[in-house]
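# Notes for the structure review
Here's the letter readout for the chains.
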2 protein chains.
Amino acid sequence: MYTIGQISEMFHIPISTLRYYDKEGLFPEMERKSGIRKFSEKEVEAIRVIECLKTSGLEIKDIKQFMAWCTEGPSTYSKRKELFEKRKEAIEKEMKQLQKTMDMLKFKCWYYETAIEDGNEDHLNQMLPDHLPKDIQVLYDNAHS
Amino acid sequence: MYTIGQISEMFHIPISTLRYYDKEGLFPEMERKSGIRKFSEKEVEAIRVIECLKTSGLEIKDIKQFMAWCTEGPSTYSKRKELFEKRKEAIEKEMKQLQKTMDMLKFKCWYYETAIEDGNEDHLNQMLPDHLPKDIQVLYDNAHS
DNA sequence: GTAATACCTAAACCTGACTTTAGGTCAAGA
DNA sequence: TCTTGACCTAAAGTCAGGTTTAGGTATTAC
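Let me sum up the structure you'll find in this document. Computed from a predicted model, the values in this text were never measured in an experiment.

On to the overall build of chain A, then. Along its length, chain A carries seven helices and two strands. Listed N to C, the secondary structure of chain A is α-α-β-β-α-α-α-α-α in terms of helices and strands. Expected size for 145 residues packed as a compact globule is a radius of gyration near 15 Å; at 24 Å, chain A overshoots this value by more than 25%. The C-alpha extent of chain A, read off along each of the three principal axes, is 75 × 35 × 20 Å. Within chain A, buried positions represent 43% of all 145 residues. By sequence separation, contacts in chain A at least 24 residues apart represent 50% of the contacts at least 6 residues apart. Between the centroid of the 23 positive side chains of chain A and the centroid of its 26 negative side chains there is a distance of 10 Å.

Have a look at this one:
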């Protein structure tokens, strides 16, 4: 059993945020001892799930829904599984987006390296949009598709 | 040359958002014809850069700074390059985070598949935290590290 | 000539996710 | 005793990134 201060240190999450999560219903089963929150292993795992679902782009109110399902028992297993499957798809999509963004960034790094060498963008402008060096062309095309 | 409506369709960005970007100084060189915005190729490329920098986690005010550097000429090439290098690092970090999140999601999918098969979480609770099937253990450990 | 479109501005409003404030309880140590 | 530190609440405040509203202009279509 942990106090809110211990949990805050463990996860580097502000105490105010933990209280906010609690107020939003993200720890529906959490116990209290004369008003003071007692975080058990259950809540510790809940926090890991909250961070995971948040990173996957889920909103607090939908995380609350998930936590509610968890208290409902085995009848909600398949709902819970489907939620995680959807989050997997969302993350996959986001990773593709990030890869495309990465290609743009790599292209821009090359672009400015070259501009620094040349002292201007004249040569670069002549090469755009489809006479770039092969490896750079790939980045440019992916970023602009 | 494009109107705001054409650009909105091209990029699937609301007109209100394009006007907001303009108000925030993200198109410092944009021309107008009797009050009406004229988006040139320069602004089209600016929008691609805006989307890229936004995805990388940069705030609007910092994107504005970048756009201002672009109007200052060759003296800011190295500042601009450094910005893109930093964004690359940010994206790399984010991708690692997403990979960890993905491992958690995969673990949870397996977890609920198994719970559905078993009808309860008893067997699963016996396996936790370090007697999971090998491939699942890897996901679990990565997600909980 | 009038009605429909597509554009414009300034300013108010909205949303999600927190954070801060103001005021209070309770237990341990000097 | 009294003060320090860790906890508590309700309610207000903050911030980024837009969106909506209200009112206006300018061109084209019938």
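Let's shift gears to the pattern of salt bridges. Considering all chains together, one arrives at 18 salt bridges over all chains under this definition. Of the charged contacts in the structure, one is a salt bridge between Glu45(A) and Arg48(A), with a shortest N-O distance of 3.1 Å. Placement of the pair is Glu45(A) and Arg48(A) together in helix 3 (residues 41-55), with a separation of three residues, close to one helical turn. Under the relative-accessibility criterion, Glu45(A) is labelled buried at 19%. Salt bridges sharing partners connect three or more residues here, namely Lys81(A), Glu85(A), Lys88(A) and Glu113(B).

This paragraph deals with the nonpolar core. Counting residues in each nonpolar core, the largest one holds 90 residues, and the members touching the most others are Leu53(A), Phe66(A), Phe107(A), Leu53(B) and Phe66(B). Setting aside chain neighbours within four positions, we find Leu53(A) in contact with Leu58(A), Ile63(A), Phe66(A), Leu83(A), Phe84(A), Arg87(A) and Leu105(B).

Here we take up the side chain of Arg80(A). Tracing the chain through its elements places Arg80(A) in helix 5 (residues 77-118). Contact partners of Arg80(A), with chain neighbours within four places excluded, come to Phe66(A), Trp69(A), Cys70(A), Gly73(A), Pro74(A), Tyr112(B) and Glu121(B).

Turning our attention to helix 3 (residues 41-55) of chain B. An ideal rise of 1.5 Å per residue puts 21 Å on 15 residues; helix 3 of chain B measures up with 21 Å between its terminal C-alpha atoms. All of the buried residues in helix 3 of chain B are Glu43(B), Val44(B), Glu45(B), Ala46(B), Ile47(B), Val49(B), Ile50(B), Cys52(B) and Leu53(B). In this structure, the buried residues of helix 3 of chain B make contact with helix 5 of chain A together with helix 1 (4-11), helix 2 (15-23), strand 2 (36-38), helix 4 (60-72) and helix 5 (77-118) of chain B. At the exit of helix 3 of chain B stands Gly57(B), carrying a positive phi of roughly 100°.

The next subject is the interface of chain B and chain A. Opposite the 40 residues of chain B that make contact, chain A presents 40 residues. In terms of surface lost to chain A, no three residues of chain B exceed Tyr77(B), Leu98(B) and Tyr112(B), which account for 19% of the buried area on that side. For the salt bridge of Lys108(A) with Glu45(B), the shortest nitrogen-to-oxygen distance reads 3.2 Å. Where chain B packs against chain A, one counts eight residue pairs in polar contact (both at pLDDT 80 or more). Among the elements that line the side of chain B that touches chain A, the one with the most residues is helix 5 of chain B, at 26 residues. For the side of chain B that touches chain A, the class distribution of residues is 18 nonpolar, nine polar and 13 charged.

Another point: the packing of aromatic side chains. On inspection of all chains with the given rule, the structure shows 18 aromatic pairs over all chains. Between Phe66(A) and Phe84(A), the aromatic rings sit 5.3 Å apart at their centres with planes inclined by 80°, giving edge-to-face as the arrangement. Of this pair, Phe66(A) sits in helix 4 (residues 60-72) while Phe84(A) sits in helix 5, placing them 18 residues apart in sequence. Residue Phe66(A) shares its accessibility class with Phe84(A), and that shared class is buried. Their ring planes at 35° and their centres at 6.0 Å tell us that Phe107(A) and Trp110(A) sit as a pair that is tilted. You can see Phe107(A) and its partner Trp110(A) sitting in helix 5, three residues apart, about one turn around the helix. Both residues of the pair, Phe107(A) and Trp110(A), count as buried. An aromatic cluster is present here, built from Phe66(A), Tyr77(A), Phe84(A), Phe107(B), Trp110(B), Tyr111(B), Tyr112(B) and Tyr140(B) joined pairwise through their rings. The ring centre of Tyr111(A) lies 5.5 Å from the NZ or CZ of Lys108(A), which sits over that ring.

Here is what the cut-offs are and how they apply
Residues numbered from 1 in each chain as written. Chains lettered and ligands numbered in written order. Predicted model: local features only at pLDDT ≥ 70, side-chain atom pairs only at ≥ 80, totals over all residues. Heavy atoms only, no water. Helix = DSSP H or I, 4+ residues; strand = E, 2+ residues; numbered from the N terminus. Rg over C-alpha atoms; globule rule 2.2 N^0.38 Å. Buried < 20%, exposed > 50% of the residue type's maximum accessible area, 1.4 Å probe, protein only. Contact = heavy atoms within 4.5 Å. Lys, Arg positive; Asp, Glu negative; His and termini not counted. Charge placed at Lys NZ, Arg CZ, Asp CG, Glu CD. Salt bridge = Lys/Arg side-chain N within 4 Å of Asp/Glu carboxyl O. Core = buried A, V, L, I, M, F, W, Y, C linked by side-chain atoms within 4.5 Å. Expected span 1.5 Å × (residues − 1). Buried area = accessible area lost by both parts, 1.4 Å probe. Polar contact = N/O pair within 3.5 Å; in protein donor to acceptor, adjacent residues only side chain to side chain. Nonpolar A, V, L, I, M, F, W, Y, C, P; charged D, E, K, R; others polar. Phe/Tyr/Trp six-rings, centres within 6.5 Å; stacked < 30°, edge-to-face > 60°. Lys NZ or Arg CZ within 6 Å of the ring centre and 35° of its normal.

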